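The residues making up each chain are set out below.
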Amino acid sequence: MPDRRSFLQSALAVVGATQVPAATAAAAPVREAVAAPPRPVHLHINGRDYQLSLEPRVTLLDALREHIGLSGTKKGCDRGQCGACTVLADGRRINACLTLAVMHEGQRITTIEGLAQDGELAPLQQAFLEHDAFQCGYCTPGQICSATALLEEMRADGAGLSDAEIRERMSGNLCRCGAYPHIVAAIRAVALRRG
Ligand code: FES
Ligand code: FES
């Protein structure tokens, strides 16, 4: 019967024999990501046409901020969780970080820069000022774009105007500063003014 020492020696010998030395191991094939080449992309934003050359993987958010210079739309989480990147596509609110720029050719994109008209703030922008509806302001462009669409949605749905309804419909837009009561008050004020 083998003693403990000889058992361990033979076991180690087996392990050593079955291990392939690192230097001789076959190298795993390295897969290189191949980026699709840029292609022409035509976007219509805030009433202006932009002819861009973008890789198909570029998000609408990056197209706005990095390629067009419209940095009012903010990048918070970059994964659809905070709403800081909310813009309007044909009047519907979307998270610009979750969608590709190439998917929005032929649509009317509106960002926070496009809400004021003829030098006049949009009613929601004015109301956010009057109701102190922001602190750091980082979430504010997304909040205002989202609220712009919300007012149209509520009008179309004939939905009631309770604070709970506004809060529920704005729940995709987070505010780390906790300005929620003021945000709701600003939205309510504009909705009441519109009747
Ligand atoms: S940056 Fe798009 S949802 Fe947060
Ligand atoms: S005002 Fe600072 S995150 Fe909303």
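Residues numbered from 1 in each chain as written. Chains lettered and ligands numbered in written order. Predicted model: local features only at pLDDT ≥ 70, side-chain atom pairs only at ≥ 80, totals over all residues. Heavy atoms only, no water.

S.K.: Please explain the overall build of the protein chain as it appears in this structure.
M.R.: Broken down by element type, the protein chain carries 6 helices and 5 strands. Traced from its N-terminal end to its C-terminal end, the protein chain shows the element sequence α-β-β-α-β-β-β-α-α-α-α. Looking at the protein chain residue by residue over its 195 residues, the buried ones come to 35%. The long-range share in the protein chain, meaning contacts at least 24 apart out of those at least 6 apart in sequence, stands at 53%. Of the accessible surface of the protein chain, which amounts to about 11900 Å², a share of 54% is contributed by carbon and sulfur atoms. (Helix = DSSP H or I, 4+ residues; strand = E, 2+ residues; numbered from the N terminus. Buried < 20%, exposed > 50% of the residue type's maximum accessible area, 1.4 Å probe, protein only. Contact = heavy atoms within 4.5 Å. Areas by Shrake-Rupley, 256 points an atom, 1.4 Å probe, with all protein chains shown as cover.)

S.K.: Could you clarify how one ought to interpret the nonpolar core in this entry?
M.R.: Side chains of nonpolar character tend, in soluble globular proteins, to be buried together. If you look at the biggest cluster of nonpolar residues, it comprises 24 residues, and the most contacted ones within it are Leu124, Phe128, Leu151, Ile183 and Ile187. Contributing elements (two or more residues each) for this core: α3 (123-130), α4 (140-157) and α6 (180-194). The contacts of Ile187, once residues within four sequence positions are left out, are Leu124, Phe128, Ala147, Leu150, Leu151, Ile166 and Met170. Ranked by size, the runner-up nonpolar core spans 20 residues in total, among them Leu43, Ile45, Leu70 and Ala89. (Core = buried A, V, L, I, M, F, W, Y, C linked by side-chain atoms within 4.5 Å.)

S.K.: Where do I start with the pairing of strand β2 (residues 48-54) in this structure?
M.R.: Note on strand geometry: in a regular strand, side chains alternate between the two faces of the sheet. Here strand β1 (residues 39-45) runs beside β2; their pairing, made up of 7 bridges, is antiparallel. Bridge pairing in β2 links His42 to Gln51. Here β1 folds back onto β2 in antiparallel fashion, the turn holding 2 residues, of which Asn46 has a positive phi close to 50°. (Pairing = 2+ DSSP bridges.)

S.K.: Explanation requested: the pattern of salt bridges in the structure shown.
M.R.: According to the stated counting rule, one finds 11 salt bridges in the structure shown. The salt bridge involving Arg155 is made with Glu152; its shortest N-O contact spans 3.0 Å. Note that Arg155 and Glu152 are positioned in helix α4 at a spacing of 3 residues, about one turn of the helix. For the salt bridge of Arg169 with Glu165, the shortest nitrogen-to-oxygen distance reads 2.5 Å. One end of the pair is Arg169 and the other is Glu165, both in helix α5 (residues 163-169) and 4 residues apart, which spans about a single turn. When salt bridges with common partners are traced through the structure, they connect Asp62, Lys75 and Asp78 into a single cluster. (Salt bridge = Lys/Arg side-chain N within 4 Å of Asp/Glu carboxyl O.)

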